[in-house]
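Summary of structural features
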Amino acid sequence: MLVLALDTATPASTAALVEVTADGLRGIAERRTVDPRAHGEKLAPEIAATLAESGVRPGDLAAIVAGIGPGPFTGLRVGLATAVSMGQALDIPTYGVCSLDALGRAAGPGRVLVATDARRREVYYATYMDGVRVTDPDVARPADVASTVEKPERVVGEGGLKYGDVFGVPVEDHLLYPPGAALVALAAERIRAAAPSEPLTPLYLRRPDAVEPTGRKSVLT
Amino acid sequence: MPDEPLVLGIETSCDETGVGIVRGHTLLADALASSVDQHARFGGVVPEVASRAHLEAIVPTMRRALDEAKVTLADIDAIAVTSGPGLAGALLVGVAAAKGYALAADKPIYGVNHLAAHVAVDTLEHGPLPEPAVAMLVSGGHSSLLLVDDLTAGVTPLGATIDDAAGEAFDKVARLLGLGFPGGPVIDRRAREGDPAAIAFPRGLTAPKDLAAHRFDFSFSGLKTAVARWVEARERDGEPVPVADVSASFQEAVCDVLTAKAIQACLAHGVRTLVIGGGVAANSRLRVLAGQRAEKHGISVRVPRPQLCTDNGAMVAALGSSLVAAGVAPSRLDLPADSSMALTTVSVAG
Ligand SMILES: [Zn+2]
C-alpha cells in the first residue's frame, strides 16, 4: 500500500512516499524544505514532485499519515489542512501521529530527549526509551526541561541543536526533523488493519493569545 | 448551459469558513461555518481562534457544499481560493486545503483577491456586471471604493479608510453601548426605534480641506471617539443613554459619508453602476440611502442579498468562474497566502 506522509510541525516541510507491506516499510521518495515561514508555499509542490518522481498518481494512494505536532500553529496547520483535504478528495483514510514520536522512534535505542523549537525561548519536548515515548509532549523553557526530565543520553530535534548548551548531552544533528518513514511506521498497524480514518486534531499545547476586555477605557481622560 | 465552468470557491480570510460552488453565474451551493460566537467574548475576531476553527470546519463545509450542489470534486473545472488580503494564519488554512483538493483531484487552482470576490458575487444575483462600475466594499475588515473596468484583469483603488473599517466602527460603538458583538446587525435593529437626527455626530474627511487629499477616503475613528465622548458625558451626568438615538445617529453618520462619497466617485468617473458589497452592505439604512441618492443621478445600485454580502465561498467561486471564462491562467502550487494582497492583483499569476 502506498502511503503519503506529511509533516509541518517544525521549520521543515516534509512530504514522503512510503510503501507499507504486510511485514515492513519501504521508503520510496522524500522531499524536505527547511524554512519556518514557507510551509504554505513549499509543501504542495513537494507532494507533487514526490509523487511525480515515483510515477505515482494521487489516486494510487491508500492512506495519508500526518504529523499532528506539537509545533508552531500556523505552519502545523498547513500540513494538516493539506492532509485532510487530500484524504477527503481521494476518499482514503488519514491517520495522525505525534511529530515528536517520529523523531523519538528514529532516534533508536537508549534514553532520548526529543526537543523541537516552540519559539518564545521554549521547546516542545517528550522523552523516549528505545524509541517508545515515556513522558507526554509538553512545552517549556529548555532550562526547565533539563531540570525536570530524567537525564537523557542524547537529544534529537532542532530544539536540541538550538539549546544544546542547556541540555548538556550529545546532540544528534542528523536527526532534526520528523522523518517520513518514521511517521508512517507509527501508523503502520492502523494502515494494515484499514482502521477508520481519524480527524487530524493538532497538538497545540498552548491556548490562543487572546485577552477578554475588562471594562472600558474612558476617552474623556 | 452545461459548458459554463463549474467552479468551487474556498474562503477563510477572516472568521467564516465558506465553500461555494457555481456554474457560470448560477449559484449551486453556498456552505458556511462561522466562528463568530467564539470571538464574541473578546469583542473582535481573534486570529488564532479563527484559524483553529477553519481547520476544523473545512472538511465538513466542503462535504455540505458538494452535497448541496449534487456534484463531486471530479466534476469541478477549477478551484478558486481567497489567497489575500486577510488574516495570515486564517488565509493559510484555506490555501493549503485548496491545494490539497486541487492536487488530489488534479484541478487548476486560482488564488484570488477577497475584495474582487466581494464585487464578483453580485453577478450571481444580477448577472454580468456592466463595466465600468464603481464598487464600494464595506465590512469589519475593509472600507474601499474601487473603479472596475474589467474585473478579471484588475481594479483601480479610488479610496479607502485611513483608520478604522466601517464595520469595525459598528463593532466598537456596539461595545460602547453594551450591545455585544458583532455590532452591525444589532445597531441596525436598535436604530430603527431612534432618531437619526438626534445627535449631530461628525462626518469624517468631508470638510473642504480634507477633500483635497482624501476625496474618496474614509475615516471612522473620530466618529467612534465622538460617540464615546457623548455617551460618557451622559453617564457622568447620571443621565440615561438613549441607545436607540445614539445608534440611529451614529449609523446615519456612517451611511451618509459612505453613500455621498460612492455617488461622487460614480459622477467623477462617469459611471452609471454602483455595486455595494461586504458585511456592512447588509445594513438597511445604507441600502435605502444609497438607492435614494443614486436615483437622483440616474445611477443604478446593485447590492446582493445580505447572505452574499458577508464573507462566503460563493463569492470566491463567482470570481473564479469569471477568470476561467476569461481564459486567465491559473496560479501555481507554490501560491502564497498574502495577507496584504494589493487590490491591483485580482488573481495570482501562474
Ligand atoms: Zn470580506
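Small disclaimer: the values here were computed from a predicted structure and weren't measured.

Attention shifts here to the overall build of chain B. Scanning chain B from terminus to terminus reveals 13 helices and 10 strands. In terms of overall dimensions, chain B is globule-like: its C-alpha atoms have a radius of gyration of 20 Å, near the 20 Å expected for 350 residues. Referenced to the eigenvectors of the C-alpha coordinate spread, the extents of chain B come out at roughly 65 × 45 × 30 Å. Buried positions account for 58% of the 350 residues belonging to chain B. In chain B, 74% of the contacts between residues at least 6 apart in sequence involve partners at least 24 apart. Taken as a whole, chain B presents about 12,700 Å² of accessible surface, with 53% of it coming from carbon and sulfur. Each charge class in chain B can be summarised by its mean position, and for the 29 positive and 39 negative side chains these summaries are 3 Å apart.

All names here are of chain B. If you walk across this open sheet you meet the 5 strands as β8-β7-β6-β9-β10, and the pairing is mixed. Of all strands in the sheet, those bounded by a partner on one side alone are β8 (154-160) and β10 (300-302). Taken pair by pair, the neighbouring strands of this sheet meet at an average axis angle of 25°, ignoring direction. Of the pairings in the sheet, the one linking strand β9 (residues 273-277) to β10 comprises 3 bridges and is parallel in character. Residue Thr 273 lies in a different strand from β10, and its bridge partner there is Ser 300. Of the strands in this sheet, β6 (133-138), β7 (143-150), β8 and β9 are in contact with helix α10 (residues 243-268), which crosses β6 at around 160°. Against the sheet, helix α11 (residues 284-296) engages β6, β9 and β10, with an angle of about 155° to β10.

Residue and element names in this part refer to chain B. Donor atoms from the polypeptide that coordinate the zinc ion comprise His 114 (NE2), His 118 (NE2), His 142 (NE2) and Asp 311 (OD), at 2.1 to 2.7 Å from the metal. Of note is the zinc ion, whose 4 donor atoms meet at the metal with angles of 86 to 164° in an arrangement that counts as irregular. Linear spacing of the donor residues for the zinc ion on their chain is H-x3-H-x23-H-x168-D. In this pair, His 142 is assigned in the loop between β6 and β7 and Asp 311 in the loop between α12 (306-309) and α13 (313-325), connecting sequence segments 169 residues apart.

Turning our eyes to something else, we now look at the domain arrangement of chain A. All names here are of chain A. Along its sequence, chain A is organised into domain 1 (2-98 + 178-192) and domain 2 (100-167). The C-alpha-based centres of domain 1 and domain 2 are spaced at 23 Å. Across the contact, 15 residues belong to domain 1 and 13 residues belong to domain 2. Between domain 1 and domain 2, roughly 1,200 Å² of surface is buried when both sides are summed, and carbon and sulfur atoms account for 71% of that area. The largest share of the area that domain 1 buries against domain 2 comes from Pro 70, Pro 72 and Cys 98, three residues that together contribute 42% of it. Linking domain 1 with domain 2 are 0 salt bridges, by the criterion used here. At the surface where domain 1 touches domain 2, the tally comes to 4 residue pairs in polar contact (both at pLDDT 80 or more). The biggest single contributor to the side of domain 1 that touches domain 2 is helix α7 (residues 180-192), with 4 residues. Looking at the side of domain 1 that touches domain 2, its residues break down into 12 nonpolar, 3 polar and no charged.

All names here are of chain B. The sites that UniProt annotates as "binding site: Fe cation" (unreviewed entry) are His 114, His 118 and Asp 311. Look at the named residues: they lie 198 residues apart in sequence, but the longest C-alpha span between them is just 8.8 Å, so in the fold they bunch up. Position of His 118 relative to the elements: it lies in helix α4 (residues 114-120). In this structure His 118 touches Leu 137, His 142, Gly 278, Cys 309, Thr 310, Asp 311 and Met 315, once residues within four positions along its chain are discounted. For Asp 311, a relative accessible area of 13% translates into the label buried. Leaving out residues up to four positions away in the same chain, Asp 311 has contacts with Glu 11, Ser 13, Cys 14, Glu 16, Leu 32, His 114 and His 118.

So, about the environment of Ala 253 of chain B. All names here are of chain B. Structurally, the position occupied by Ala 253 is in helix α10. When the C-alpha atoms of Ala 253 and Ala 97 are compared, they prove to be 41 Å apart, with 156 residues separating the residues in sequence. What Ala 253 contacts, discounting residues up to four positions off in sequence, is Phe 201, Pro 202, Arg 203 and Leu 223.

Glancing now at the sheet that holds strand β6 (residues 111-117) of chain A. Residues and elements named next belong to chain A. Strand order across the open sheet formed by 4 strands is β8-β7-β6-β9, with mixed pairing between neighbours. The sheet terminates laterally at β8 (132-140) and β9 (154-156), the two strands that pair on one side only. This sheet shows a mean twist of 20° between the axes of neighbouring strands, independent of strand direction. By the bridge criterion, 7 bridges tie β6 to strand β7 (residues 123-129) in an arrangement that is antiparallel.

As a further point, take the confidence of the model for chain B. The predicted model of chain B has a mean per-residue pLDDT of 95, with 99% of residues at 70 or higher. Scoring of the predicted complex yields 0.94 for pTM and 0.96 for ipTM.

A word on the interface of chain B and chain A. Taken together, the contact between chain B and chain A spans 37 residues of the former and 35 residues of the latter. Contact between chain B and chain A buries roughly 3,100 Å² in total, counting both sides, with carbon and sulfur atoms accounting for 67%. Viewed at the interface, chain A and chain B are joined by 1 salt bridge. Across the pair Glu 48 of chain B and Arg 77 of chain A runs a salt bridge whose closest N-O atoms are separated by 2.9 Å. Counting across the chain B and chain A interface gives 6 residue pairs in polar contact (both at pLDDT 80 or more). Those elements that place two or more of their residues in the side of chain B that touches chain A are α2 (47-69), α3 (88-105), α6 (166-176) and α9 (221-236) of chain B. The greatest single-element share of the side of chain B that touches chain A, amounting to 10 residues, is contributed by α3 of chain B.

Cut-offs used in this document
- Residues numbered from 1 in each chain as written.
- Chains lettered and ligands numbered in written order.
- Predicted model: local features only at pLDDT ≥ 70, side-chain atom pairs only at ≥ 80, totals over all residues.
- Heavy atoms only, no water.
- Helix = DSSP H or I, 4+ residues; strand = E, 2+ residues; numbered from the N terminus.
- Rg over C-alpha atoms; globule rule 2.2 N^0.38 Å.
- Buried < 20%, exposed > 50% of the residue type's maximum accessible area, 1.4 Å probe, protein only.
- Contact = heavy atoms within 4.5 Å.
- Areas by Shrake-Rupley, 256 points an atom, 1.4 Å probe, with all protein chains shown as cover.
- Lys, Arg positive; Asp, Glu negative; His and termini not counted.
- Charge placed at Lys NZ, Arg CZ, Asp CG, Glu CD.
- Pairing = 2+ DSSP bridges.
- Axes fitted to C-alpha atoms, helices over the stretch in contact; angles between N-to-C directions.
- Donors = N, O, S within 2.8 Å, 3.2 Å for Na, K, Ca; no water.
- Tetrahedral: all angles 85-135°; square planar, octahedral: opposite > 155°, others 65-115°.
- Domains from an automatic or database assignment.
- Buried area = accessible area lost by both parts, 1.4 Å probe.
- Salt bridge = Lys/Arg side-chain N within 4 Å of Asp/Glu carboxyl O.
- Polar contact = N/O pair within 3.5 Å; in protein donor to acceptor, adjacent residues only side chain to side chain.
- Nonpolar A, V, L, I, M, F, W, Y, C, P; charged D, E, K, R; others polar.
- UniProt positions renumbered as here; feature names shortened; annotations may be inferred.
- pLDDT = per-residue confidence, 0-100.

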